[in-house]
Amino acid sequence: IDAKTKILFGDLSLTLPSDFNEKNFNSINNLFKKLKGKPYSINSIENILAEIDQITNLEQYKFINATVTENLRDNFLNLEFNIKEGEKYYVKKINIFGNNVTSENVIRNQFELDEGDPFNEILINKSINNIKSFNIFKSVNKEIIADDNSKTKIINISIEEKPTGEIMASAGFGTDGGSLGFGVKENNFLGRGISLDTNFLFSQDSVKGKFSVTNPNYKNTDRSIYISAEAVEIDNYSTFGYKTNKTGISLGTNYQYYDDLYLGIGNSNFYEKIETNSTASTRQQAQEGNYWDSFLKLDFNYDKRNQKFQTSSGFRSFYSIDMPIISDTNTLKNYYNYSHYFDLFEKNISSISFYFETANSLNNKDIKLSERITIPSRRLRGFETGRVGPKDGDDFIGGNYAYSLNFSSTIPQLFEESQNVDFLFFTDIADIWGVDYNSSLESNKIRSSIGLALDWFSPLGPLNFSLAHPVSKANGDKTETFRFNLGTTF
């Protein structure tokens, strides 16, 4: 396919063996009808292959193979997919070569079939894609050796490892100073696929730090186990008369409950100290003291994306709830995010995302300042993090409710010869409101911004630049024009 020539999908057909049930393939035929006459897209081809992948999970189709015949006429691409039942071979052995650092079971856990299973070419290719998605190997290749006498096949997997450490840095510059971030991450600790992540964020009045460990397949149970420790200090002692120190630890597990549905359960425990002086508000002085809080966390993640990295189609629906176990204020938090990915026009990847968050006391108390909500910077570009919304005097106190609606779209006409550069247009709409201890302080006004972003997979690592312009804002909101992030590997 010539990238500079507009190619449209023509006739798309599916040929099946006579003894196959055509109803099991209705989803593919329906997809063919939707694609006919539309611009050619590799993402659409991947959607077709994904439908075939799902069908191979049916027991009666363990030995099927799929081939495609292409015919290009007058800028119309005709495709004929041939589904046929192959010879009944079984997997005799799976050999893995080249993993000098990575433990072999980390790789084997990504296979869709095992030794002794019916051989299926589609599931083999899907297994290779699973291994590649780990993003800890430079290359992954396969070799199939058949033994016609025993009707078995040997699968040889050759991998080439690469550096798996990452160093990240970020900075933002706005109307009232800036912020700096730094992080170090290792994605394959001790060759076991374990992820270690350390990050820090510094701004004018706060310091945040976090260290986490995640084992994606704890003791071969297909369950992810994580533990993290974090500390947050907000120092407004000289400006608004209060200072908070919060430290704690969280642990939990995530696992696949059903097809594409993942459940998570965890527990977080925090110790917090609040100090005030005579210049603090009456509300802040009333909250001075030491606190111990414990929460039960439940996550529900329905993930239908075609891939987690550089997603081009599908959607993800995520809901999380933090329920108080031990808490003075009994604060209940809800978090929901829905993201949908699609082709807006030819050679384009677009996404739209909706986010909503709440924080309220179950016993009608006023929640602590550290429990109030701020809009994440990635959801409201063009504004400084934590410096929009309700204010008590000059102090941004956060809200009880927040939402955002975000849209972004790649602009393929720019850098279309490069696969390492994406130029994006984005628009963000958000609002934050609710002051439980004084409703007169509410600031319920829609904030919005538009801007341009550049994602570049440079020789140093991934670079991200964003330039944003606020369209609507409330009086007193602090804007931020420029932000960049840098990452590299070691």
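The coordinates are above.
First, a word on scope: everything that follows refers to the structure included in this document. Worth saying up front: this structure is predicted, and the values here are computed from it rather than measured.

So, how was this worked out
- Residues numbered from 1 in each chain as written.
- Predicted model: local features only at pLDDT ≥ 70, side-chain atom pairs only at ≥ 80, totals over all residues.
- Heavy atoms only, no water.
- Helix = DSSP H or I, 4+ residues; strand = E, 2+ residues; numbered from the N terminus.
- Expected span 1.5 Å × (residues − 1).
- Buried < 20%, exposed > 50% of the residue type's maximum accessible area, 1.4 Å probe, protein only.
- Polar contact = N/O pair within 3.5 Å; in protein donor to acceptor, adjacent residues only side chain to side chain.
- 1 Å grid on protein atoms, 1.4 Å probe; cavity = no way out; pocket = protein on both sides within 12 Å on 5 of 7 lines; lining within 4 Å.
- Points joined across faces, edges and corners; volume = space filled by probe spheres on them.
- Nonpolar A, V, L, I, M, F, W, Y, C, P; charged D, E, K, R; others polar.
- Phe/Tyr/Trp six-rings, centres within 6.5 Å; stacked < 30°, edge-to-face > 60°.
- Lys NZ or Arg CZ within 6 Å of the ring centre and 35° of its normal.
- Salt bridge = Lys/Arg side-chain N within 4 Å of Asp/Glu carboxyl O.

Once that is clear, we can look at helix α4 (residues 121–133). With 13 residues, α4 extends 19 Å from end C-alpha to end C-alpha; this agrees with the ideal 18 Å at 1.5 Å per step. Taken residue by residue, α4 has Ile122, Leu123, Ile124, Ser127, Ile128, Asn130 and Ile131 as its buried positions. Its side-chain oxygen 3.1 Å from the backbone nitrogen of Leu123, Asn120 forms the N-cap of α4. Following α4 by one or two positions, Asn135 adopts a phi angle in the positive range, close to 60°.

Turning our eyes to something else, we now look at the layout of surface pockets. By volume, the second largest pocket is sized at about 180 Å³. Lining the second largest pocket we find 14 residues, and of these Asn105, Val106, Arg192, Asn215 and Asn217 sit closest to its centre. Its residues assigned to classes, the lining of the second largest pocket shows five nonpolar, seven polar and two charged.

Another point: unusual backbone geometry. Not every positive phi belongs to a glycine, and Asp222 is a case in point at roughly 60°. Assignment of secondary structure puts Asp222 in the loop between β10 (206–215) and β11 (223–236). Although it is not a glycine, Asn330 sits at a positive phi angle of roughly 50°. For Asn330, the position within the fold is in the loop between β15 (314–326) and β16 (331–342). Residue Asn330 is classed as partly exposed on the basis of its relative accessible area of 23%.

A ring pair, where both rings are aromatic, is described by two values, the distance of the centres and the angle of the planes. Using the criterion set out here, one finds 10 aromatic pairs in the structure. With 6.5 Å between their ring centres and 20° between their planes, Phe200 and Phe202 make a pair best called stacked. Residue Phe202 is classed as partly exposed on the basis of its relative accessible area of 39%. Seen in terms of ring centroids, Tyr401 and Trp433 are 5.6 Å apart; in terms of plane orientation they differ by 20°. Their pairing is stacked. With a gap of 32 residues between them, Tyr401 in strand β20 (residues 401–410) and Trp433 in strand β21 (residues 421–433) connect regions that are remote in the sequence. The partly exposed category is assigned to Tyr401, whose relative accessible area is 28%. Grouping aromatic residues by their ring pairs yields a cluster made of Tyr302, Phe315 and Tyr338. Sitting above the plane of the Phe270 ring, Lys246 keeps its charged end 4.9 Å from the centroid. Just above the ring of Tyr291 sits the side chain of Lys368; from NZ or CZ to the centre is 5.0 Å.

The next point concerns empty space enclosed by the protein. Inspection of every chain in the model, using the stated rule, returns three cavities of 30 Å³ or more. Space inside the largest cavity adds up to approximately 50 Å³. Per-element accounting of the lining of the largest cavity gives the leading share, four residues, to strand β24 (residues 480–489). Tallied by class, residues from the lining of the largest cavity come to three nonpolar, four polar and three charged.

On to the pattern of salt bridges. Side chains that carry opposite charge are capable of pairing whenever their charged atoms lie near each other. Scanning the model with the defined rule gives 18 salt bridges in all. In this structure, the salt-bridge partner of Asp303 is Arg305, at a minimum N-O distance of 2.7 Å. A relative accessible area of 21% places Arg305 in the partly exposed class. Here Asp436 and Arg372 are joined by a salt bridge, their closest N and O atoms 3.2 Å apart.

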